Amino acid sequence: MYTRISDIDRMFDAMGLLRGRLGNVFSDFDRTLGHGTDWHVSGSYPRTNLYDKGDTFELVAEIPGLSKEELKVKIQGNYLEISGTREVNPPENYQVHRSERGSSSFTRSLTLPADVDSDKVTATLENGILSLTLPKSETAKPRQISIN
Amino acid sequence: MDGKDLTQKEQGTVELTRNLRQVAPLVDIYENDDEILLHAEMPGVQKDDITINIDNGSLTLSGLRSLTKEGAADWEEFGDLEYQRAFSVPQSIDVNSVKAELKDGILALHLPKSEAAKPRFIEIN
């Protein structure tokens, strides 16, 4: 019934909970700030995740409200640039009560850990999430070395 | 007990069942004579993971986002979370004809006003 591991686990759970609460203090204070990750400085938009899958990189970016025509992705070597413009206009003949989502234009440039083969990059945009599959260029791929 | 316990487990402590971060989605709210229109920003949430509840003058929006993760993370700036926000809506909303659509991570919620609540032009004889 009492095991040491689970006790430690519980303790960390409680700490995690406290951390989450503290992180949310800001979002409670100002809801529009609640968008950022807890302790992050929300300076760069859009937010991205990068995963290394061996032969390819997988980059996902959070870009709500943009159609694929409004989005531009530029790649050169290990340099990647995402830019776009979002227009948020109230629909016609509607009275505005609250407007938190603004029009914005953004550019974010990222440096990938290795060169990618820009010809083979594929991109999809679904539910406001942009996913890029970036195959590493031949020289950057991990190689199996056979031992003689 | 053999004295090795670091902390003592308290009986009746409520277990933490959900650890998702809750975030209020950004919204735009518009109104015209026929309806109230709400746009909520919920990137990455699938259509089936959105719950919209209207009950007794309060509207609750909730959307769960679970992202697929594969490979080693080089960096991670956003993750799984729950979008949640509540609004109070006038009773004059026709609950049966509320419509919602999801496009590019934006939820558009049409809340039509019931006939009785629409403005009427009175003709003077």
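Residues numbered from 1 in each chain as written. Chains lettered and ligands numbered in written order. Predicted model: local features only at pLDDT ≥ 70, side-chain atom pairs only at ≥ 80, totals over all residues.

Thoughts on the interface of chain B and chain A
At step 1: Between chain B and chain A, the residue contacts involve 38 residues of the former and 47 residues of the latter.
At step 2: Counting residues per element, the ones that place at least two in the side of chain B that touches chain A are strand E1 (21–23), strand E2 (27–31), strand E3 (35–41) and strand E6 (72–76) of chain B.
At step 3: Here the residues of the side of chain B that touches chain A sort into 18 nonpolar, seven polar and 13 charged.
At step 4: As judged from the four bridges shared by strand E5 (residues 95–99) of chain A and E2(B), these two strands associate in the antiparallel manner. Paired with A:Val96 across the two strands is B:Tyr30, which belongs to E2(B). (Contact = placed C-beta atoms within 7 Å. Helix = DSSP H or I, 4+ residues; strand = E, 2+ residues; numbered from the N terminus. Nonpolar A, V, L, I, M, F, W, Y, C, P; charged D, E, K, R; others polar. Pairing = 2+ DSSP bridges.)

Comments concerning the nonpolar core
Residue and element names in this part refer to chain B.
At step 1: Val 27, Leu 38, Ala 40, Met 42 and Leu 107 are the most contacted members of the largest nonpolar core, which totals 17 residues.
At step 2: Taken together, the elements giving at least two residues each to this core come down to E2, E3, strand E5 (58–65) and strand E9 (106–112).
At step 3: The element that contributes the greatest number of residues to this core is E9, accounting for four residues.
At step 4: Filtering out sequence-adjacent residues up to four positions away, Met 42 remains in contact with Pro 25, Gly 63, Tyr 83, Gly 105 and Leu 107. (Core = buried A, V, L, I, M, F, W, Y, C linked by C-beta atoms within 7 Å. Buried ≥ 20, exposed ≤ 12 C-beta atoms within 10 Å, placed from the backbone.)

Regarding unusual backbone geometry
Among all residues save glycine, negative phi is the norm, and among peptide bonds the norm is trans.
At step 1: Here A:Asn127, not a glycine, exhibits a phi torsion of approximately 55°, which is positive.
At step 2: Along the polypeptide, A:Asn127 turns up in the loop between strand E7 (122–126) and strand E8 (129–135).
At step 3: Owing to 18 C-beta atoms within 10 Å, A:Asn127 belongs among the partly exposed residues under this scheme.
At step 4: At B:Asp104, a position not held by glycine, the phi torsion is positive, near 50°.
At step 5: Taking the number of C-beta atoms within 10 Å as the measure of exposure, B:Asp104 has 19 and is therefore partly exposed.

What to know about the sheet that holds strand E6 (residues 104–111) of chain A
Residues and elements named next belong to chain A.
At step 1: Spatially, the three strands line up as an open sheet ordered E3-E4-E6, and their pairing is antiparallel. Edge strands, defined here as strands with exactly one partner in the open sheet, are strand E3 (71–76) and E6. Geometrically, the sheet is characterised by an average inter-axis angle of 10° between neighbouring strands, direction not taken into account.
At step 2: As paired elements, strand E4 (residues 79–86) and E6 share eight bridges and run antiparallel to each other. Within the sheet, the bridge partner assigned to Ser 83 lies in E6 and is Thr 107. (Axes fitted to C-alpha atoms, helices over the stretch in contact; angles between N-to-C directions.)

Side note on the confidence of the model for chain A
Segments scoring low in pLDDT should not have their predicted coordinates read at a detailed level.
All names here are of chain A.
At step 1: Predicted confidence across chain A gives a mean pLDDT of 81, with 82% of residues reaching 70 or more.
At step 2: The spread of mean pLDDT over the elements of chain A runs between helix H1 (residues 4–29), the lowest at 68, and E8, the highest at 94.
At step 3: Counting contacts from residues 28–41, a segment whose pLDDT is below 50, to residues more than four positions away or on other chains yields 17 contacts. (pLDDT = per-residue confidence, 0-100.)

Section: the pairing of E9(B)
If a strand is regular, its side chains alternate between the two faces of the sheet.
At step 1: Inspection of the sheet shows E3(B) paired to E9(B) by seven bridges, in the antiparallel sense. Looking at the pairing, B:Ala40 lines up with B:Leu107 of E9(B).

Examining the sheet that holds E6(B)
Sheet strands line up and pair through hydrogen bonds in the backbone, either parallel or antiparallel.
At step 1: Ordered in space as E7(A)-E8(A)-E2(A)-E1(A)-E6(B), the five strands form an open sheet in which the pairing is antiparallel. Strand pairing shows two members of the sheet lacking a second neighbour, E7 of chain A together with E6 of chain B, which therefore form its edges. With direction set aside, neighbouring strand axes in the sheet form an average angle of 15°.
At step 2: Both strand E1 (residues 48–52) of chain A and strand E2 (residues 56–62) of chain A contribute to a ladder of five bridges, which runs antiparallel. Note that in E2(A) the partner of A:Leu50 across the bridge is A:Leu59.

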